[in-house]
Amino acid sequence: MPFTRINSKMVEAQVLPGQRLFSQRGAMLAYRGNVTFTPNVQGGQGGIGSMIGRRLANEATPLMTVEGHGSVMFGHGGHHVHCVDLTGDTLYVEADRLLAFDGSLRQGTMFMGSQGGVMGVIRGQVTGQGLFTTTLQGHGAVAVMAHGGVIELPITPQRPVHVDPQAYVAHRGDVRNKLSTALGWRDMVGRGSGEAFQLELSGHGTVYVQASEEKL
């Protein structure tokens, strides 16, 4: 169920009988046809275990289930929207960045400490986004939100990518992450915010970075 881009801040999805999608509550802007919207209490395709995991992880962004026959336009808070098509792989994304996603995707939660050890845990404290991140796996489309648009940066074993933790949106592929501490250029020119942390992503995949460090 791919999303059609209307403009930089709105997407449209076709809803067909027997199919469904999930979206952040309050993200529906308009719809056409016979479409229903119901609060989701099962934690998406991950079931009740996934829901409990996200609540414990502070990743319980409220979702609604969208079903029926018609088309729905999504957007939220005037944020830029970026679409990601999954072909059997896994997207790791901050829960509050999710706008909408295909109901066929399996949703779960990953403990960030499992990637990068203790530094992975510290990442959650630094970013204020918790120690866990949401995972979406399978074949389908995902629409994520960001400030100022999103760029896709390739990650290769020879060229890891360093990202400001507040600018991180999501990543996919065989990627490991850890926090590195270093005196950055922002500190040198007096723009540092007090923490000298960078999120280092290594391996093989893609990282999605927003153009602003502001939180959603």
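Residues numbered from 1 in each chain as written. Predicted model: local features only at pLDDT ≥ 70, side-chain atom pairs only at ≥ 80, totals over all residues. Heavy atoms only, no water.

1. As for the pairing of strand β5 (residues 63-74)
For step 1, the next point in the chain: With nine of its 12 residues buried, β5 lies for the most part within the structure.
For step 2, the next point in the chain: Across five bridges, the pairing between strand β2 (residues 10-15) and β5 is antiparallel. Bridged to Glu12 within β5 is Met73.
For step 3, the next point in the chain: As judged from the 11 bridges shared by strand β4 (residues 28-39) and β5, these two strands associate in the antiparallel manner. Across the sheet, Val35 pairs through a bridge with Gly68, a residue of β5. (Buried < 20%, exposed > 50% of the residue type's maximum accessible area, 1.4 Å probe, protein only. Helix = DSSP H or I, 4+ residues; strand = E, 2+ residues; numbered from the N terminus. Pairing = 2+ DSSP bridges.)

2. Details of the pairing of strand β7 (residues 98-102)
For step 1, the next point in the chain: When you tally the buried positions in β7, you get five out of five residues, the bulk of the element.
For step 2, the next point in the chain: The pairing of strand β3 (residues 20-24) with β7 spans three bridges and is antiparallel. In the strand pairing of β7, Phe22 is matched with Phe101.

3. Looking at the environment of Met10
For step 1, the next point in the chain: Relative to the helices and strands, Met10 is located in strand β2.
For step 2, the next point in the chain: Residue Met10 is classed as partly exposed on the basis of its relative accessible area of 23%.
For step 3, the next point in the chain: As a C-alpha pair, Met10 and Gly75 span 65 residues in sequence and 4.9 Å in three-dimensional space.
For step 4, the next point in the chain: Contacts of Met10, omitting those with residues within four sequence positions, involve Thr4, Arg5, Leu29, Met73, Phe74 and Val81. (Contact = heavy atoms within 4.5 Å.)

4. Remarks on the nonpolar core
For step 1, the next point in the chain: Within the largest apolar cluster, 17 residues are counted, with the highest numbers of intra-cluster contacts made by Leu91, Phe101, Leu136 and Val142.
For step 2, the next point in the chain: Of all the secondary structure elements, the ones that give two or more residues to this core are β6 (80-93), β7, β9 (132-146) and β12 (168-181).
For step 3, the next point in the chain: Contacts of Val142, omitting those with residues within four sequence positions, involve Phe3, His82, Cys83, Val84, Leu86, Leu91, Leu98, Ala100, Phe101, Leu105 and Leu136.
For step 4, the next point in the chain: If you look at the next biggest cluster of nonpolar residues, it comprises 16 residues, including Val35, Val81, Ala100 and Ala143. (Core = buried A, V, L, I, M, F, W, Y, C linked by side-chain atoms within 4.5 Å.)

5. Points about the environment of Ala170
For step 1, the next point in the chain: Here Ala170 lies in strand β12.
For step 2, the next point in the chain: For Ala170, a relative accessible area of 1% translates into the label buried.
For step 3, the next point in the chain: A sequence separation of 18 residues divides Ala170 from Glu152, and the C-alpha atoms of the two residues are 9.7 Å apart.
For step 4, the next point in the chain: Non-local contacts of Ala170, meaning those with residues more than four positions away in its chain, are made with Leu91, Tyr92, Val93, Thr206, Val207 and Tyr208.

6. Here we look at the environment of Asp174
For step 1, the next point in the chain: Within the fold, Asp174 resides in strand β12.
For step 2, the next point in the chain: In sequence terms Asp174 and His204 are 30 residues apart; their C-alpha atoms lie 5.3 Å from each other.
For step 3, the next point in the chain: Those residues within four positions of Asp174 in sequence are excluded, and the remaining contacts are Ser202, Gly203 and His204.

7. Observations concerning the confidence of the model for the chain
For step 1, the next point in the chain: Summary statistics for the chain give a mean pLDDT of 80 and a share of 70% for residues scoring 70 or more.
For step 2, the next point in the chain: Helix α1 (residues 47-56) is the least confidently modelled element of the chain, averaging 44 in pLDDT, while β2 averages 96, the highest of any element.
For step 3, the next point in the chain: Between residues 44-59, whose pLDDT stays under 50, and residues either more than four places distant or in other chains, the model counts 39 contacts.
For step 4, the next point in the chain: Below pLDDT 50 for its whole length, residues 116-122 participates in 13 contacts with residues either more than four positions away or in separate chains. (pLDDT = per-residue confidence, 0-100.)

8. Concerning the pattern of salt bridges
For step 1, the next point in the chain: Summed over the entire model, instances satisfying the criterion amount to three salt bridges.
For step 2, the next point in the chain: Of the charged contacts, one joins Arg32 and Glu12 as a salt bridge, the two residues approaching to 2.6 Å between their closest N and O atoms. Pair noted here: Arg32 is in strand β4 and Glu12 is in strand β2, with a separation of 20 residues, a long-range link.
For step 3, the next point in the chain: We classify Glu12 as buried; its relative accessible area is 12%.
For step 4, the next point in the chain: Residue Arg97 pairs with Asp96 through a salt bridge whose shortest N-O separation is 3.9 Å. (Salt bridge = Lys/Arg side-chain N within 4 Å of Asp/Glu carboxyl O.)

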